[in-house]
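Descriptive analysis of the structure
So the chains spell out like this:
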Amino acid sequence: VQLQAFGGGLVRAGDSLRLSCAASGRTFSSYHMGWFRQAPGKEREFVAAITWSGSMTYYADSVKGRFTISRDNAKNTVYLQMNSLKPEDTAVYYCAINRARWDSRRSDEYDSWGQGTLVTVSS
C-alpha cells in the first residue's frame with residue numbers, strides 16, 4: 001500500500017483545514033491508520049488513530065476536541081479535519097499504516113509512511 005497525504009496549506013490561527021490521505025491497494029480497508037506530524041527541529045509526534053472500520057478513534061491531548069480523524073474505505077482515504085488551528089499546529093503531517101495496537105502512539109509501530117503535507121498556521 002502506498003499513501004499520499006495532501007490538503008495542507010497556509011492558514012490563520014482559528015481557521016480550519018481538512019487533510020486527506022489517499023491509499024493505493026486493495027487491502028486499505030483492513031488496516032488501522034494514523035496521522036503524525038513533525039514540526040521543524042522536533043521529533044515526529046502522534047496526532048490521531050482510527051481503526052480499520054472507523055468505529056474507534058484516538059487523539060493526542062494536544063488536538064483532542066479540535067481535530068477529527070475519519071475514513072472512507074470505499075474511497076481508500078483517511079481524513080484529518082482540523083479546526084481551531086493554532087500556530088503550534090504548524091508541521092508536516094503524515095499518514096501511515098498501523099501495524100500494532102490500533103491506538104498505538106509509537107511511530108515505530110507504523111509504516112508505509114506517505115509523503116507529508118505541510119500545514120502552516122500564522123498567528
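Refer to the structure above for everything that follows.
Note that the coordinates shown come from a computational prediction; the quantities given were computed from them, not determined experimentally.

The next thing to look at is the state of the cysteines. Throughout this description, disulfide means a covalent bond between two cysteine sulfur atoms. Within the structure shown, the criterion is met by one disulfide. Two residues, Cys-21 and Cys-95, share a disulfide whose sulfurs are 2.0 Å apart. Its S-S torsion of about 70° marks the bond between Cys-21 and Cys-95 as right-handed, since a negative value means left-handed. One end of the pair, Cys-21, is in strand S3 (residues 17-23); the other, Cys-95, is in strand S9 (residues 91-98), and 74 residues separate them in sequence. Here the two residues Cys-21 and Cys-95 agree in accessibility, since each one is buried.

So, about the packing of aromatic side chains. Throughout the structure, instances matching the rule amount to seven aromatic pairs. Taking 6.4 Å as the distance between ring centres and 85° as the angle between the ring planes, the aromatic pair formed by Tyr-94 and Trp-113 counts as edge-to-face. With Tyr-94 in strand S9 and Trp-113 in the loop between strand S10 (110-111) and strand S11 (117-122), the pair connects residues that are 19 residues apart, well separated along the chain. The exposure class of Tyr-94 is buried, given its relative accessible area of 16%. According to the relative accessible area criterion, Trp-113 is partly exposed, its value standing at 27%. Ring centres 6.3 Å apart and planes at 45° place the aromatic pair Tyr-110 and Trp-113 in the tilted group.

Reading guide: rules and limits
- Residues numbered from 1 in each chain as written.
- Predicted model: local features only at pLDDT ≥ 70, side-chain atom pairs only at ≥ 80, totals over all residues.
- Heavy atoms only, no water.
- Disulfide = S-S within 2.5 Å.
- Helix = DSSP H or I, 4+ residues; strand = E, 2+ residues; numbered from the N terminus.
- Buried < 20%, exposed > 50% of the residue type's maximum accessible area, 1.4 Å probe, protein only.
- Phe/Tyr/Trp six-rings, centres within 6.5 Å; stacked < 30°, edge-to-face > 60°.

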